[in-house]
Amino acid sequence: MECENLFCIYQENNHCILNEITLDIVGQCDSCIYVEIPKFELENYKIQLRNKLKSY
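Summary of the structure given here. From a predicted model like this one, the values you see are computed outputs, not experimental measurements.

Definitions and cut-offs
Residues numbered from 1 in each chain as written. Predicted model: local features only at pLDDT ≥ 70, side-chain atom pairs only at ≥ 80, totals over all residues. Heavy atoms only, no water. Salt bridge = Lys/Arg side-chain N within 4 Å of Asp/Glu carboxyl O. Helix = DSSP H or I, 4+ residues; strand = E, 2+ residues; numbered from the N terminus. Buried < 20%, exposed > 50% of the residue type's maximum accessible area, 1.4 Å probe, protein only. 1 Å grid on protein atoms, 1.4 Å probe; cavity = no way out; pocket = protein on both sides within 12 Å on 5 of 7 lines; lining within 4 Å. Points joined across faces, edges and corners; volume = space filled by probe spheres on them. Nonpolar A, V, L, I, M, F, W, Y, C, P; charged D, E, K, R; others polar.

## A short note on the pattern of salt bridges
Inspection of every chain in the model, using the stated rule, returns 1 salt bridge. Between glutamate 43 and lysine 46 there is a salt bridge, with the nearest N and O atoms lying 3.5 Å from each other. Taken together, the residues span about one helical turn, with glutamate 43 and lysine 46 both in helix H1 (residues 39-54) at a distance of 3 residues. Lysine 46 sits in the partly exposed class, given a relative accessible area of 36%.

## Re the layout of surface pockets
Space inside the largest pocket adds up to approximately 210 Å³. Classifying every residue of the lining of the largest pocket by side-chain character gives 10 nonpolar, 4 polar and 2 charged.

## Some words on unusual backbone geometry
In this structure, asparagine 13 takes a positive phi of about 55 degrees despite not being glycine. As for its position among the elements, asparagine 13 is in the loop between strand E1 (11-12) and strand E2 (15-16).

Below you can see the structure in the form of structure tokens.
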């Protein structure tokens, strides 16, 4: 089963590693658990990416 949610702990190589899932009323996976990224780390990644994009 394909999955594009990079922040779900069950997503690997664009696929869900669970054997089965259920979807809620809006079609989102009920089993999804998000990876928590500390705010300071997220801010650092954003700054690094902005700096890379400036050089193009």
